[in-house]
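Examination of the molecular architecture
In case you want the letters, here they are:
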Amino acid sequence: EALLSEIINVLNDRFGTEFEEADKLFFDQIEAELMEDETLQTQAKVNKIDTFKYAFEDLFITKLIDRMDQNQEIFEKILEDKVFGNLVKELMMKKVYKKMNE
């Protein structure tokens, strides 16, 4: 399980972005909202991760859009760069799924 600061370092190294530790708050807030969603919690407990990813992706995009004005740079990078966006979703999905099943 990677810490969000480690995930940001991976993203910066792989994609040449310049996200800082302060940008971690953006991801922390999205993760916290996902963790609080009771429907998503149930889906994590009753589904394998391959099925869970469909419910996760829809809610992830909703939470991302809800917070787009807090960090426009990350928002645009996730939506415009498919490889980047898919990696962010996958890393966060695995982290949330694991936490919900502990």
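Residues numbered from 1 in each chain as written. Predicted model: local features only at pLDDT ≥ 70, side-chain atom pairs only at ≥ 80, totals over all residues. Heavy atoms only, no water.

Quick notes on the overall build of the protein
Operational definition: A run of DSSP states H or I qualifies as a helix once it reaches four residues; a run of E qualifies as a strand once it reaches two. Both are numbered from the N-terminal end. Throughout, the radius of gyration refers to the C-alpha atoms, and the reference size of a globule is 2.2 Å times the residue count to the power 0.38. Whether two residues are in contact is decided by their heavy atoms, any of which lying within 4.5 Å being enough. Positive charges come from Lys and Arg alone, negative charges from Asp and Glu alone, with His and the N- and C-terminal ends not counted. Charged side chains are reduced to one point each, which is NZ for Lys, CZ for Arg, CG for Asp and CD for Glu.
Helix and strand content of the protein: six helices and zero strands. Secondary structure of the protein in N-to-C order comes out as α-α-α-α-α-α. Since a compact globule built from 102 residues should have a radius of gyration of about 13 Å, the 13 Å found for the protein is in line with a globular shape. The principal-axis extents of the C-alpha atoms in the protein amount to approximately 35 × 25 × 25 Å. Taking the intrachain contacts of the protein between residues at least 6 apart in sequence as the baseline, contacts between residues at least 24 apart amount to 70%. Positive and negative side-chain charges in the protein, numbering 14 and 24 respectively, have mean positions lying 7 Å apart.

A look at the packing of aromatic side chains
To keep it simple, the criterion reads: Aromatic rings from Phe, Tyr and Trp, taking only the six-membered ring of Trp, are treated as a pair when their centres fall within 6.5 Å; an angle between ring planes under 30 degrees marks them as stacked, one over 60 as edge-to-face, and anything in between as tilted. Burial here depends on accessible area, computed with a 1.4 Å probe over protein chains only, as a share of the maximum for the residue type. Under 20% is buried, over 50% is exposed, and the range in between is partly exposed.
Applying the stated criterion across every chain yields a total of six aromatic pairs. Ring geometry for Phe52 against Phe56: centres 6.0 Å apart, planes inclined by 40 degrees, an arrangement best described as tilted. Taken together, the residues span about one helical turn, with Phe52 and Phe56 both in helix α4 (residues 49-66) at a distance of four residues. The exposure classification of Phe52 matches that of Phe56, with both residues buried. Residues Phe56 and Phe60 carry aromatic rings whose centres are separated by 5.7 Å and whose planes lie at 20 degrees to one another, so their mutual orientation is stacked. A residue pair is termed a helical-turn pair when its members lie 3 or 4 positions apart in one helix, as Phe56 and Phe60 do in helix α4 at four residues. We classify Phe56 as buried; its relative accessible area is 1%. Within the aromatic cluster, the residues linked to one another by ring pairs are Phe52, Phe56, Phe60 and Tyr97.

Side note on the nonpolar core
This is how it is decided: Nonpolar cores were defined as sets of buried Ala, Val, Leu, Ile, Met, Phe, Trp, Tyr and Cys residues, with membership established by side-chain atoms within 4.5 Å.
Among the nonpolar cores identified, the biggest contains 28 residues, and Phe27, Leu34, Phe56 and Phe60 are the most heavily contacted of them. Secondary structure elements with two or more residues in this core: α1 (4-15), α2 (24-36), α3 (38-46), α4, α5 (72-80) and α6 (82-100). Sequence-distant contacts of Phe60, defined by excluding residues within four places in its chain, comprise Ile30, Leu34, Ile78, Val88, Lys89 and Met92.

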